[in-house]
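So you can see what is in the structure, the chains are spelled out below.
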Amino acid sequence: MGDDEGLLGRPLARIEDPPLVAGRGRFAGDIDFPGQLHMRIVRSPHAHAEVGAVDAAAALAMDGVHAVWSGADVADIPPIDFRSDRQIEALKPYRQHVLARGRARYVGEPVAAVFAGTPYLAEDAAELVEVDYEPLPPVTRADREPGEFAPGLGTGATLLTHTFGDAGAGFAEAHEVVSLDLRTGRHAGVPMETRGAIGVYDAARDRLELHGAAKVPHRNKETLIRMLGLAPERIHLYEGHVGGGFGIRGELYPEDLLVLLAARRFSRPVKWIEDRQEHLMAANQGREQRHRARLAVDAEGRILALEDEIWHDQGAYLRTHGVSVPNRTMCSLPGLYRIPAYRASCHVRLTNKAPAATYRAPGRFESSFVRERLMDAAAHRLGIDPVEIRRRNLIAPSDLPCTVAYDEPYAETLDLDSGDYPLLLQKALDAVGWDGLRADLARRRGAGELVGAGVATFLEESGRGPSDGARIAVDGDGAVEIVTGGASVGQGFETAMAQICAAALGVDYRGIAVVHGQTDRIPYGIGAHAARATVMTGSAVHATALAVRGKALAAASELLQTPAARLAIRDGVVQADGGGPSIPLGGIVRARGADALAAEEFYETSRCTFPYGAHIAVCRVDPGTGAVTVERFLIAYDVGRAVNAATLEGQLIGGCVQGIGGALYEAFVYDEAGQPLAVTFADYLLPTVAEVPAIECLVTEDAPSPRNPLGIKGGGEGGINGVGAAIASAVDEAIGIPGAIDRTPIAPERVLALMRGRNSQPSQ
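As the structure is a computational prediction, the values presented were derived from the model and not from experiment. (Residues numbered from 1 in each chain as written. Predicted model: local features only at pLDDT ≥ 70, side-chain atom pairs only at ≥ 80, totals over all residues. Heavy atoms only, no water.)

**Section: helix H6 (residues 254–266)**
Every α-helical turn comprises 3.6 residues, leaving residues that sit three or four positions apart pointing alike.
Here is step 1 of the chain: Look at H6: 18 Å from first C-alpha to last across 13 residues, which is about the 18 Å you get at 1.5 Å a residue.
Here is step 2 of the chain: A positive phi of about 55° marks Ser267, the residue just after H6. (Helix = DSSP H or I, 4+ residues; strand = E, 2+ residues; numbered from the N terminus. Expected span 1.5 Å × (residues − 1).)

Okay, structure coming up:
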């Protein structure tokens, strides 16, 4: 190991922040090239319609309008491909073309593209483009009979299953069976920065560039290579600053392809920046599912079997993640409980809404809501304390590591690594003073207040491989550069990589330059998604830094005529113990050549790491309006080993705020005609500082992962996972109706109706 001097885990200041706080960030909107054109998209006003003739004559007559494209102009471009080749072949007809071909299937779908000298001119011209539409009946519910996607092809894309054990026997032997009909509402990340893309064509090198990339530049490059038939050296993606990711950014959208195609055809840069209304209409949405779930328990509340039938509303098309979200939902549903038998089926259905894809903790926010609602229902049915029933079912530390294997060949095996789930739950309860809190809430309810507390436990997944690498080099001045294929979406990536490198190499982390998101600097990279970056890229950086360290000590041993065992590296200087001779790292490079202290190493794994958490929510309900206020929220989360305590806490708090939004406020609502009713912030409600309490974080390091040299697990999604479930439980207790909350968001009008007895309670 390196001379880390306790660098890992410390709340060190972020090195990426100075340009951002000084207003010198380089977001997609800040990137311009000489002679660039601006693109504006003509979007379908219909949820479902046949697309006829596109009349662009009036637009083309405007001075400064360069071109107008319809689907016929890009007929040679295949639909946007799935990122993974594991997707089912039968799903390919449900992919989206860059411009509507034959039919438009959601309000906001790109039908035509206008290219002009200014963004304002492009927008004015787009309004003059006339399209002949023949409206068709829309499909707006995934839990109704499938409709028609195309002639001879229905909207029921596929039926997926995840099973293990004998669920039938478990239900037959049960002392009690609880059944719930639950729904999670449609919402998304809605980052501060909307989508943007700038395509550039370098004719001299016959090379395309896409600026404004995010999250997975290298993987998107691989998809573009396949779709456009390009050699790898003929296209490169460049990531600048990113104003939030959360799954919604970084996917390949139609607009990304269009700016590249236009840049190559016109030999001019082409820029596109979406406005907020476009973003709320056309960017990826998520979470919308219906669950008919059942739980079988014995007389002591121990789980015998779990069953769930799911309807997943995919929206109009399958985008780059394919059916990842429904698969993640089913494999995450058992959570961190001992469940001997399980069967789940998921109807993946297309509807005439904006397409759905991943959103922070995809499938896990949804499945935790279902699982924890079932646990609360079972506790109520049996008269067992909700915390106690969880304790009785948590996987014990002595059972780890263990494997959760599903019968289906496409279902992912969960090879759980390390953890003490009961200990974390107890630490969370102790942190909020659970017994005293419960007594105080009971006192307040006795005085007429509607207050309650809820608990949710959950398992997360991080560090999925298969591999990632890094390059590290020291120059003659002693400056250190890390080149990675990782990506930064605001999570503190540069700081984490610098800390890991500094800890292993023995240098000041503030002097390390971290290069990321530039596909011309390094030919591979896993990006930043699904809580991968710290585990995968961080482990690769660690291995590479150790290799550079080894080279430095070997070279210094010769130069200083001192055994390497007597040498250490402190603050970039190799020094003999006891105050002997020394040489700075830059001096080694000057003496031995430019590549003397350079290395490239990889970290490979076939297994994930599994962080885990518990959430505790305290909520108050207004008896007059039904509005829910979150008074207190605790996140307890075990990450194995923290890299930077401050950035980790920021990630957890940010995720929790998003979870509060999804639990109480945020909803993409559509009417029966498929028209979106929330395309401004007047209708799509985001939580503000007024709605969010001072969120408490309890980060533990009780279970380092044995699967990477640092013992780290991902921290990006633990703040959001159990929020909906914990708040729902707290609201149940506040209004005194067990099992009342069966859907998110928990709208005030529904809470008020429940209190007034206008809606029946879920069957249990």
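More follows now that the structure is in view.
**Some words on the environment of Ala479**
Here is step 1 of the chain: Within the secondary structure, Ala479 sits in the loop between strand S21 (467–474) and strand S22 (480–484).
Here is step 2 of the chain: Sequence-wise, Ala479 and Arg510 are 31 residues apart; in three dimensions their C-alpha atoms are separated by 10 Å.
Here is step 3 of the chain: For Ala479, the contacting residues outside a window of four places in its chain are Ala473 and Val474. (Contact = heavy atoms within 4.5 Å.)

**Some points on the sheet that holds strand S2 (residues 49–55)**
Here is step 1 of the chain: Taken in spatial order, the 3 strands line up as S4-S2-S6 in an open sheet, and their pairing is antiparallel. A single partner strand is all that each edge strand has here, and the edge strands are strand S4 (103–104) and strand S6 (130–135).
Here is step 2 of the chain: Bridging between S2 and S6 involves 5 bridges; their strand directions are antiparallel. Bridge pairing in S6 links Val54 to Val131. (Pairing = 2+ DSSP bridges.)

**Re the packing of aromatic side chains**
Here is step 1 of the chain: As enumerated under the stated definition, the model contains 13 aromatic pairs in all.
Here is step 2 of the chain: With centroids separated by 5.5 Å and ring planes inclined at 40°, the aromatic side chains of Phe164 and Tyr342 adopt a geometry described as tilted. One end of the pair, Phe164, is in strand S9 (residues 156–164); the other, Tyr342, is in strand S17 (residues 342–349), with 178 residues separating them in the sequence.
Here is step 3 of the chain: What makes Phe164 buried here is its relative accessible area of 11%.
Here is step 4 of the chain: Its relative accessible area of 0% is what places Tyr342 among the buried residues.
Here is step 5 of the chain: Here the aromatic cluster, defined as three or more aromatic residues joined through ring pairs, consists of Tyr94, Tyr106, Phe149 and Tyr317.
Here is step 6 of the chain: A cation sits over an aromatic face here: Arg294 above Phe171, 4.0 Å from the ring centre. (Phe/Tyr/Trp six-rings, centres within 6.5 Å; stacked < 30°, edge-to-face > 60°. Buried < 20%, exposed > 50% of the residue type's maximum accessible area, 1.4 Å probe, protein only. Lys NZ or Arg CZ within 6 Å of the ring centre and 35° of its normal.)

On their own, these measurements won't tell you what the molecule is for.
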